[in-house]
Amino acid sequence: MLVSAAQMLKDAKAGKYAVGQFNINNLEWTKAILLTAQELNSPVILGVSEGAGKYMTGYKTVVGMVNGMIEGLNITVPVALHLDHGSYEGALKTIEAGFSSVMFDGSHYPIEENIAKTKELIALAHSKGISLEAEVGSIGGEEDGVVGAGEVADPEECKKIADLGVDMLAAGIGNIHGKYPENWQGLNFDVLAKIQELTGEMPLVLHGGTGIPEEMIKKAISLGVSKINVNTECQLTFAAATRKYIEEGKDLQGKGFDPRKLLAPGFEAIKETVKEKMELFGSINKA
Ligand code: 13P
């Protein structure tokens, strides 16, 4: 059964570990992530961007696929199905479709409008037992074709949004999606510490989990980060494994082209990546 992300993140914050949000794009990714979470007895959050939702033919398809897999694969660890960087309309649609968690990314609105919309969505989500993530200070890099400059959040604004009753808060602290530039300054831990001080128990979310060095991830967790998002790394390992398989000509051997065999190495690669991240985030055996 799908669960809201609220309790798993409260537990993570109290236990000083982080739950991974792994973005899904198709059946193979979803299956690989769910099986790995079950094998490692770890809670997990499946992230769906609006673009990925469209690709998978709509949110209802995603809900049906994930619920079917949870049953068919006997998944008993807590799983949240979460809208990643949702627009206001996207949040409404996923709440309606049966997601168990939603991110409303209002960081591009003026703070008062971000507050008004977030407040409205919290009431709706909570009336259905769904958790809500809000964002303050945009996270840079490219996500689904949208390029953000990256901006460090104002801790006072974070407190304002946290006080509305969101379940988790994403705050930009110099993190960006995808590849980090050579001259990247690193995460701004002073701001993270200030946000944590002002928001207390609020589970904090770190986006752009792919390129952040391990030591910084560990420090961020020690400063209150309890959810870390990973997308690009799964894309890279999936693509590399598939490319290798094709280059070796294995896709054309035997009885001919079999899509299940072609995608199998990518599936295994995602399992490996998810395992590495769960080890780093400390969520193994925390289900
Ligand atoms: P990466 O693509 O850098 O892993 O970031 C993922 C993310 O933050 C999704 O919201």
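Scroll up to find the structure this text is about.
Calculation notes
Residues numbered from 1 in each chain as written. Predicted model: local features only at pLDDT ≥ 70, side-chain atom pairs only at ≥ 80, totals over all residues. Heavy atoms only, no water. Helix = DSSP H or I, 4+ residues; strand = E, 2+ residues; numbered from the N terminus. Near = heavy atom within 4 Å. Polar contact = N/O pair within 3.5 Å; in protein donor to acceptor, adjacent residues only side chain to side chain. Areas by Shrake-Rupley, 256 points an atom, 1.4 Å probe, with all protein chains shown as cover. Nonpolar A, V, L, I, M, F, W, Y, C, P; charged D, E, K, R; others polar. Phe/Tyr/Trp six-rings, centres within 6.5 Å; stacked < 30°, edge-to-face > 60°. Buried < 20%, exposed > 50% of the residue type's maximum accessible area, 1.4 Å probe, protein only. Lys NZ or Arg CZ within 6 Å of the ring centre and 35° of its normal. Core = buried A, V, L, I, M, F, W, Y, C linked by side-chain atoms within 4.5 Å. Contact = heavy atoms within 4.5 Å. Salt bridge = Lys/Arg side-chain N within 4 Å of Asp/Glu carboxyl O. Arc of directions from axis to C-beta. Patch = residues over 30% accessible without salt bridge, like charges linked within 9 Å, V, L, I, M, F, W, Y side chains within 5 Å. Lys, Arg positive; Asp, Glu negative; His and termini not counted. Charge placed at Lys NZ, Arg CZ, Asp CG, Glu CD.

Participant: I keep staring at the environment of G200 and nothing clicks. Help me out?
Facilitator: When you line up the elements, G200 lands in the loop between helix 8 (189-199) and strand 10 (204-206). Sequence spacing of G200 and I176 is 24 residues, and the spatial spacing of their C-alpha atoms is 24 Å.

Participant: I keep staring at the site of the ligand and nothing clicks. Help me out?
Facilitator: Contacts to the ligand come from 13 residues, most closely from D84, G208, T210, N231 and T232. In the environment of the ligand, an oxygen atom lies 2.8 Å from a nitrogen or oxygen atom belonging to the side chain of D84. For the ligand, an oxygen atom lies 2.8 Å from a polar atom in the backbone of N231. Here the ligand loses 100% of its free accessible area of 310 Å² to cover by the protein chains. Elements supplying a minimum of two residues to the shell around the ligand: strand 3 (79-86) and strand 11 (225-230). Of the residues that constitute the shell around the ligand, the class distribution is one nonpolar, ten polar and two charged.

Participant: Help me understand the packing of aromatic side chains, please; the structure alone is not making it clear to me.
Facilitator: Geometry of an aromatic ring pair is reported as the spacing of the ring centres plus the angle between the planes. Throughout the structure, instances matching the rule amount to five aromatic pairs. With a centroid separation of 5.7 Å and 55° between ring planes, the pair formed by W29 and F238 is classed as tilted. Taken together, the residues span a long stretch of sequence, with W29 in helix 2 (residues 27-40) and F238 in helix 10 (residues 232-247) at a distance of 209 residues. The exposure classification of W29 matches that of F238, with both residues buried. The structure contains a cluster of three or more aromatic residues connected by ring pairs, namely Y88, F104 and Y109. The residue whose ring lies beneath K117 is Y88, and the NZ or CZ to ring-centre distance is 5.7 Å.

Participant: Hey, could you run me through the nonpolar core in this one?
Facilitator: Side chains that are nonpolar tend, in soluble globular proteins, to be buried together. One finds I24, V79, L81 and L206 to be the most contacted residues of the largest nonpolar core, which totals 77 residues. For this core, the leading source of residues is helix 4 (residues 59-72), giving seven residues. Beyond its immediate sequence surroundings of up to four residues, L206 is in contact with I173, N175, L187, I212, I217, A220, V225, K227, I228 and N229. Counting residues in hydrophobic clusters, the runner-up holds 13 residues, among them A5, L9, A12 and V205.

Participant: It is not clear to me how the side chain of S283 should be interpreted in this structure. Could you clarify?
Facilitator: Take S283: it is sitting in the segment after helix 11 (259-281). S283 has contacts with Y17, A18, N41, S42, P43 and M278, leaving out every residue within four places of it along the chain.

Participant: Is there a simple way to think about the pattern of salt bridges in this case?
Facilitator: Two side chains carrying opposite charge are able to pair once their charged atoms lie near each other. If you walk through the whole model with that rule in mind, you get ten salt bridges. Residue K160 pairs with E112 through a salt bridge whose shortest N-O separation is 3.8 Å. Within this pair, whereas K160 is found in helix 7 (residues 155-162), its partner E112 is found in helix 6 (residues 111-127), the two being separated by 48 residues in sequence.

Participant: Would you mind showing me how to read helix 1 (residues 6-15) here?
Facilitator: Since the α-helix advances by 3.6 residues per turn, residues separated by three or four positions end up pointing in the same direction. Every buried residue of helix 1 is accounted for by A6, M8, L9, A12 and K13. The buried residues of helix 1 occupy an angular sector of 165° when the element is viewed end-on, so they sit on one face. In helix 1, the exposed positions that point more than 90 degrees away from the buried face belong to K10 and A14. Downstream of helix 1 by one or two residues, K16 has phi in the positive range, about 55°.

Participant: I keep staring at unusual backbone geometry and nothing clicks. Help me out?
Facilitator: Residues apart from glycine generally show negative phi values, whereas peptide bonds are mostly found in trans. Here N74, not a glycine, exhibits a phi torsion of approximately 55°, which is positive. With respect to the element layout, N74 can be found in the loop between helix 4 and strand 3. The class for N74 is exposed, based on a relative accessible area of 58%. Positive phi is not limited to glycine here, since H85 has a value of about 50°.

Participant: So what exactly am I meant to see when it comes to a negative patch on the surface here?
Facilitator: A grouping of E214, E268, E272, E276 and E279 is seen on the molecular surface, where their side chains present a negatively charged patch. Along the chain, the position of E272 falls in helix 11.

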